[in-house]
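Residues per chain, in single letters:
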Amino acid sequence: MSEPEAPQRAEGLLEQIADTALDDDYYVVRAGDYAQSREFNTPLTALVLAAFAVLVMMAAVQTRNDRPATERERSTLISDVAARKKLQATREATAERLRKQVADLSASVDRFDPAYQDVRIETGDLAVSGPGITIVASPSAQDNLDGSITDDDLQILVNGLWYAGAEAVAINGQRIGNLTGIHFANDAINVNYTDIAPPYRVVAIGPSDTLMQRFEDNPAGHYWAARQTDAAVQFGMTPSSDLSVPAVPKKRMTIRHATAIKGEE
């Protein structure tokens, strides 16, 4: 007889659980402070949103008002860059024009100024022809130790020719200039960074009637006379009315120095 009443007790238990699922404090809070906070939060939220909208509007208005000034600054900057580029192009054109004028003036001086021609001859910048003497020097045929010709021998020979009044000197076709070196390197005598070998043919342009005699009378002539006597080196001089020597190689005429790079400051 008790079994039919079991579903009713179960149903009542389920209803009781459903009715008491939430704690009693929930209803107290909901009816008290929570309800009040909901009433106050809704107007506050509206106020915050309104203030945010006002700020966004003000920012948009400010951006719109500042746009003309920004555009003017950008336009001014572009104009300034263009003006500076134009100024730079004008200065480069002026520099190029001045360089051309300098080149033209140098060419005119080269054609008409004898003094400038003399300077070019002395520095070895021009080929020279005229009277002079030819010297041929060779090592001793006796194969003795002192019979070889050294770079010092050729240096003394060239200096003696300058002292005697030579206007231009060349050794085996290598013109002697202000930057020319005569030294021993790579088992050979080197002139203008070019190896030369005996016999050494030295051409000196100058007054042939006095050049030979003045060389023989100066210390270099005495040195070579002693070399002939003591070491049996071969040495001979011949005057001539028509000799020529080339110009100094361009790479030995250029004085290296720092130059400004175009376009850099």
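Refer to the structure printed above.
Calculation criteria
- Residues numbered from 1 in each chain as written.
- Predicted model: local features only at pLDDT ≥ 70, side-chain atom pairs only at ≥ 80, totals over all residues.
- Heavy atoms only, no water.
- Helix = DSSP H or I, 4+ residues; strand = E, 2+ residues; numbered from the N terminus.
- Buried < 20%, exposed > 50% of the residue type's maximum accessible area, 1.4 Å probe, protein only.
- Contact = heavy atoms within 4.5 Å.
- Phe/Tyr/Trp six-rings, centres within 6.5 Å; stacked < 30°, edge-to-face > 60°.
- Patch = residues over 30% accessible without salt bridge, like charges linked within 9 Å, V, L, I, M, F, W, Y side chains within 5 Å.
- Areas by Shrake-Rupley, 256 points an atom, 1.4 Å probe, with all protein chains shown as cover.
- Salt bridge = Lys/Arg side-chain N within 4 Å of Asp/Glu carboxyl O.
- Axes fitted to C-alpha atoms, helices over the stretch in contact; angles between N-to-C directions.
- Parallel < 35°, antiparallel > 145°, perpendicular 65-115°, else oblique.
- Left-handed = near helix turned anticlockwise from the far one by under 90°.
- Nonpolar A, V, L, I, M, F, W, Y, C, P; charged D, E, K, R; others polar.
- Core = buried A, V, L, I, M, F, W, Y, C linked by side-chain atoms within 4.5 Å.
- Pairing = 2+ DSSP bridges.

Undergrad: Even after reading the chapter, I still don't get the side chain of Asp153, so can you show me in this structure?
TA: The residue Asp153 is located in helix H5 (residues 151–164) in this model. Of the residues examined, Asp153 reaches a relative accessible area of 2% and is grouped as buried. Setting aside chain neighbours within four positions, we find Asp153 in contact with Ser148, Tyr223, Trp224 and Arg227.

Undergrad: Explain the packing of aromatic side chains here, please?
TA: Pairs of aromatic rings are described using the distance from one ring centre to the other and the angle between the two planes. Per the stated rule, a full pass over the model turns up 3 aromatic pairs. When the centroid spacing of 6.2 Å and the interplanar angle of 20 degrees are considered together, the rings of Phe215 and Phe235 count as stacked. You can see Phe215 sitting in helix H6 (residues 208–217) and its partner Phe235 sitting in strand E8 (residues 234–245), a full 20 residues away along the chain. Its relative accessible area of 16% is what places Phe235 among the buried residues. Through a chain of ring-to-ring contacts, three or more aromatic side chains come together here, namely Phe215, Tyr223, Trp224 and Phe235.

Undergrad: Honestly, a nonpolar patch on the surface in this entry has me stumped. Any pointers?
TA: Together, Leu44, Leu47 and Val48 line one region of the surface with nonpolar side chains, adding up to about 300 Å² of accessible area. As for its placement among the helices and strands, Val48 is situated in helix H3 (residues 33–112).

Undergrad: What exactly am I supposed to notice about unusual backbone geometry here?
TA: Most peptide bonds are trans, and most residues other than glycine sit at a negative phi. Between Pro198 and Pro199 the backbone carries a cis peptide bond, its omega angle lying at 0 degrees. Inspection of the secondary structure assignment puts Pro199 in the loop between strand E6 (194–196) and strand E7 (200–205). Non-glycine residue Asn186 carries a positive phi angle of around 55 degrees. Relative to the helices and strands, Asn186 resides in the loop between strand E4 (182–185) and strand E5 (188–191). The backbone of Asn192 shows a phi angle near 55 degrees, a positive value even though the residue is not glycine. With respect to the secondary-structure elements, Asn192 resides in the loop between E5 and E6.

Undergrad: Looking at this structure, how should I read the pattern of salt bridges?
TA: Once the charged atoms of two side chains with opposite charge are near each other, the side chains can pair. Following the criterion strictly, the structure yields 4 salt bridges and no others. Linking Glu96 and Arg99 is a salt bridge whose minimum nitrogen-to-oxygen distance equals 2.7 Å. Separated by 3 residues within a single helix, Glu96 and Arg99 lie in helix H3, roughly one turn from each other. Here Arg99 falls in the partly exposed class, since its relative accessible area comes to 43%. As a salt-bridge pair, Asp104 and Lys100 come within 3.3 Å of each other at their nearest N and O atoms. Within this pair, Asp104 and its partner Lys100 are both found in helix H3, separated by 4 residues, close to a single helical turn. Asp104 sits in the partly exposed class, given a relative accessible area of 41%. Taking the relative accessible area as the measure of exposure, Lys100 reaches 54% and is therefore exposed.

Undergrad: I would appreciate a short explanation of the packing of H5 against helix H7 (residues 219–231) in the present structure.
TA: Orientation of H5 relative to H7, taken along the N-to-C sense of each, is 140 degrees, at an axis distance of 8 Å. In terms of axis orientation, H5 runs oblique to H7. Handedness of the crossing formed by H5 with H7: left-handed. Along its contact with H5, which presents Asp153, Ile156, Leu157 and Gly160, the element H7 presents Ala220, Tyr223, Trp224 and Arg227. Taken together, the residues that form the contact of H5 with H7 break down as 5 nonpolar, 1 polar and 2 charged.

Undergrad: Help me understand the nonpolar core, please; the structure alone is not making it clear to me.
TA: Inside soluble globular proteins, nonpolar side chains tend to come together where they are buried. In this structure, Leu154, Leu157, Leu161 and Phe215 are the most contacted members of the largest nonpolar core, which totals 29 residues. Listing elements by their share of this core, those giving two or more residues are strand E1 (128–138), H5, strand E2 (168–171), E5, E7, H6, H7 and E8. With 5 residues, H5 is the largest single contributor of residues to this core. Residues Val128, Ala170, Leu243 and Val245 belong to the second largest nonpolar core, which totals 7 residues.

Undergrad: Please explain the environment of Ala166 as it appears in this structure.
TA: Within the element layout of this structure, Ala166 appears in the loop between H5 and E2. By relative accessible area, which is 10% here, Ala166 ends up buried. Residues Ala166 and Val203, spaced 37 residues apart in sequence, show a C-alpha to C-alpha distance of 9.6 Å.

Undergrad: Sorry if this is basic, but what is going on with the sheet that holds E5 here?
TA: Within a sheet, each strand pairs with its neighbour through backbone hydrogen bonds, oriented either parallel or antiparallel. Read across the sheet, 3 strands follow the order E4-E5-E6 without closing on themselves; strand pairing throughout is antiparallel. Only two strands of the sheet have a single neighbouring strand rather than two, namely E4 and E6. Averaged over all neighbouring strand pairs, the angle between strand axes comes to 45 degrees, with direction disregarded. Where E5 lies against E6, 3 bridges are found, and the strand directions are antiparallel. Bridge pairing in E6 places Val191 opposite Thr194. On the sheet, H5 packs against E4, E5 and E6 and is oriented at approximately 170 degrees with respect to E4.

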